[in-house]
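Residues per chain, in single letters:
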Amino acid sequence: TSLLLIRHAETTWNREGRMQGNQDSPLSELGSKQAEALGRRLRSLQFDAVYSSDAQRCVRTARIALDDPNAPLRLRPQLRERHLGDWEGRLWREIAAESPDEARRYKQSGEFRPPNGESFLELQVLQYKITTPTQYH
């Protein structure tokens, strides 16, 4: 069995330096081109299943790359990005300027939790508890 993991293409918020987390933003023009290029690289591969976060940036990336608007995507909220709480929608540069110690800890520690968000370790534990192989058949 082979598993291919792909991150969503660039979004408008990525381009602006905004924190996304569970919030969503559309693919940028470059993001659409990235998804198309990904599709060209994947064209020779056969997939038994395609799973995606239910975030529209991920769904859109997959649909463009698969070049099939009706491709059977298996959407899983368990694949969502980490919840970044009060930081979602904010510019990283503003967060780093306002809270340099928290910004440093965010980058260095899987245990750091943004205000009203979740730590990377909490995300891993939650996904492990709710995701079993039988859920993916």
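Here we summarise the structure given alongside this text. All values derive from a computational prediction rather than experimental measurement. (Residues numbered from 1 in each chain as written. Predicted model: local features only at pLDDT ≥ 70, side-chain atom pairs only at ≥ 80, totals over all residues. Heavy atoms only, no water.)

### Some remarks on the side chain of Ser-53
Part 1 of the reasoning: Within the secondary structure layout, Ser-53 lies in the loop between β1 (50-52) and α3 (56-66).
Part 2 of the reasoning: Assessed through its relative accessible area of 6%, Ser-53 is described here as buried.
Part 3 of the reasoning: If sequence neighbours within four positions are ignored, Ser-53 has contacts with Cys-58, Val-59, Leu-75, Arg-76, Leu-79 and Arg-80. (Helix = DSSP H or I, 4+ residues; strand = E, 2+ residues; numbered from the N terminus. Buried < 20%, exposed > 50% of the residue type's maximum accessible area, 1.4 Å probe, protein only. Contact = heavy atoms within 4.5 Å.)

### As for unusual backbone geometry
Part 1 of the reasoning: The phi torsion at Asn-116 lies on the positive side, around 65°, for a residue other than glycine.
Part 2 of the reasoning: By the element assignment, Asn-116 lies in the loop between α5 (100-108) and α6 (120-130).

### Description of the nonpolar core
Part 1 of the reasoning: With 5 residues, the main nonpolar core is built from Met-19, Leu-84, Trp-87, Ile-95 and Phe-112.
Part 2 of the reasoning: Once residues lying within four places of it in the same chain are set aside, the contact partners of Phe-112 are Arg-82, Trp-87, Glu-102, Arg-105, Tyr-106, Glu-118, Ser-119 and Phe-120. (Core = buried A, V, L, I, M, F, W, Y, C linked by side-chain atoms within 4.5 Å.)

### Let's talk about the pattern of salt bridges
Part 1 of the reasoning: Under the definition given, this model contains 10 salt bridges.
Part 2 of the reasoning: For the salt bridge of Arg-80 with Asp-54, the shortest nitrogen-to-oxygen distance reads 2.7 Å. In this pair, Arg-80 is assigned in the loop between β2 (73-75) and α4 (92-98) and Asp-54 in the loop between β1 and α3, connecting sequence segments 26 residues apart.
Part 3 of the reasoning: A relative accessible area of 35% means that Arg-80 is categorised as partly exposed.
Part 4 of the reasoning: A salt bridge links Asp-101 to Arg-104; its shortest N-O distance comes to 2.5 Å. Of this pair, Asp-101 and Arg-104 both sit in helix α5, 3 residues apart, roughly one helical turn.
Part 5 of the reasoning: You can call Asp-101 partly exposed: its relative accessible area is 40%.
Part 6 of the reasoning: Three or more residues are tied together by salt bridges with common partners; here these are Asp-24, Arg-57 and Glu-81. (Salt bridge = Lys/Arg side-chain N within 4 Å of Asp/Glu carboxyl O.)

### Focus on the packing of aromatic side chains
Part 1 of the reasoning: Within this structure, the stated rule accounts for 4 aromatic pairs.
Part 2 of the reasoning: Their ring planes at 70° and their centres at 5.4 Å tell us that Trp-87 and Tyr-106 sit as a pair that is edge-to-face. Pair noted here: Trp-87 is in the loop between β2 and α4 and Tyr-106 is in helix α5, with a separation of 19 residues, a long-range link.
Part 3 of the reasoning: On the basis of relative accessible area, Trp-87 is assigned to the buried category, the value being 3%.
Part 4 of the reasoning: Seen from their ring centres, Trp-87 and Phe-112 are 5.7 Å apart, and the 35° between their planes marks the pair as tilted. Here Trp-87 is found in the loop between β2 and α4, whereas its partner Phe-112 is found in the loop between α5 and α6, with 25 residues between them in sequence.
Part 5 of the reasoning: For Phe-112, a relative accessible area of 5% corresponds to the buried category. (Phe/Tyr/Trp six-rings, centres within 6.5 Å; stacked < 30°, edge-to-face > 60°.)

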